[in-house]
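# What the coordinates show
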Amino acid sequence: MDRVVQTAVLVLNQNYEPLNVCNARRAFVLVDRGKAEVLEHKDDSFIITPTRPFCVPSVIRLVYLIRRPRPQRKLTRRELFQRDNYTCQYCGKLTRDLTIDHVVPRFRGGPHTWDNLVSACKACNHRKAARTPEEARMKLKAPPTMPSASGYYVVAQHIALRYEWHKFIPEWELDRLLGPCTPWSEDFSERR
Ligand SMILES: [Zn+2]
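Report follows, based on the coordinates. None of these values were measured; they are calculated from a predicted model.

## Comments concerning the overall build of the protein
The number of helices and strands found in the protein is six helices and six strands. Helices (α) and strands (β) of the protein occur, in sequence order from the N terminus, as α-β-β-α-β-β-α-β-β-α-α-α. The buried share among the 192 residues of the protein stands at 21%. Across the protein, every contact between residues at least 6 apart in sequence was considered, and the portion connecting residues at least 24 apart equals 58%.

In structure tokens:
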């Protein structure tokens, strides 16, 4: 029972945008108070109460729209490498051994911001040195941007196991969330 009420439930905003992840206990309260409706149940989980068994919700949707500031991604090494799918943005190599490259070098006024930072393997970073990509004749795979400020990152740690959530996540977000960015998995080196 305790484990069941801890089941992760995806909470969608009224407009179907993922808002956060709560546990089943909290989801029951929201539904019970008429603040949310159940969109998906978890097939294999029930909570037995004195009156009747309840299916455990898997996805709920708020009946009213919550407005909140868009979540900002913190600019850290890990977040940056994750944004770039652990791929060198110059040669395309998938590696754990990445460095951070300032596209416009720092001493030339390049800021330490999402749109001036890319993941680069050591070889590419060394080759580029203190030059711009144009000067070094190195082409970026994609112009760096601030990663999606949507709420989708809240589902990241659950998404691989919760297939019933997938239809609520845009395909390109799913690709990004499920993509090759699992450098912590044992078979990472073999998969390259
Ligand atoms: Zn490289």
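## Quick look at the nonpolar core
Ranked by size, the top nonpolar core spans 16 residues in total, and within it Val9, Leu10, Val11, Ala27, Val59 and Ile60 carry the most contacts. Elements represented by at least two residues in this core include exactly β1 (8-12), α2 (24-32) and β4 (53-62). With sequence-adjacent residues up to four places away left out, leucine 10 is seen in contact with Pro18, Val21, Ser58, Val59, Val155, Trp165 and Phe168. Phe81, Val118, Ala120 and Cys121 belong to the second largest nonpolar core, which has 10 residues in total.

## A word on the environment of arginine 68
Its location among the elements puts arginine 68 in the loop between β4 and α3 (77-83). Linking arginine 68 and leucine 19, residues 49 residues apart in sequence, is a C-alpha distance of 9.6 Å.

## Topic: the sheet that holds β4
Spatial ordering of the open sheet is given by β2-β1-β4-β3, a layout of four strands whose pairing is mixed. The strands lining the two open edges of the sheet, one partner per strand, are β2 (18-23) and β3 (36-48). For this sheet, the mean inter-axis angle between neighbouring strands, taken without regard to orientation, is 30°. Two elements, β1 and β2, share five bridges in a ladder whose sense is antiparallel. When the bridges of β2 are listed, leucine 10 appears paired with valine 21. Against the sheet, α2 contacts β1, β2, β3 and β4, and its axis sits at roughly 75° relative to β4.

## A few points about α2
Turning to α2, its buried residues number three or more, namely Ala24, Ala27, Phe28 and Leu30. Along α2, the residues classed as buried sweep out an arc of 165° about the axis, all on the same side. What points out from α2, more than 90 degrees from its buried face, is the exposed set Val29 and Asp32. In the segment just after α2, glycine 34 is the residue with positive phi, at about 75°.

## So, unusual backbone geometry
With a phi angle near 55°, asparagine 85 is a residue other than glycine that sits in the positive phi range. If you trace the backbone, asparagine 85 turns up in the loop between α3 and β5 (98-102). You can call asparagine 85 partly exposed: it has 16 C-beta atoms within 10 Å.

## Let's talk about the environment of proline 105
Along the chain, proline 105 falls in the loop between β5 and β6 (117-121). Look at proline 105 and you get partly exposed, because 16 C-beta atoms sit within 10 Å. Residues in contact with proline 105, not counting those within four places in the same chain, are Gly110 and Ala130.

## Comments concerning the environment of valine 38
Here valine 38 lies in strand β3. Under the C-beta neighbour-count criterion, valine 38 is labelled partly exposed, with 18 such atoms within 10 Å. Along the primary structure valine 38 and valine 59 are separated by 21 residues, whereas in three dimensions their C-alpha atoms are 6.2 Å apart. If we skip the residues at most four places from it in the chain, valine 38 touches Val31, Pro57 and Ile60.

Analysis parameters
Residues numbered from 1 in each chain as written. Predicted model: local features only at pLDDT ≥ 70, side-chain atom pairs only at ≥ 80, totals over all residues. Helix = DSSP H or I, 4+ residues; strand = E, 2+ residues; numbered from the N terminus. Buried ≥ 20, exposed ≤ 12 C-beta atoms within 10 Å, placed from the backbone. Contact = placed C-beta atoms within 7 Å. Core = buried A, V, L, I, M, F, W, Y, C linked by C-beta atoms within 7 Å. Pairing = 2+ DSSP bridges. Axes fitted to C-alpha atoms, helices over the stretch in contact; angles between N-to-C directions. Arc of directions from axis to C-beta.

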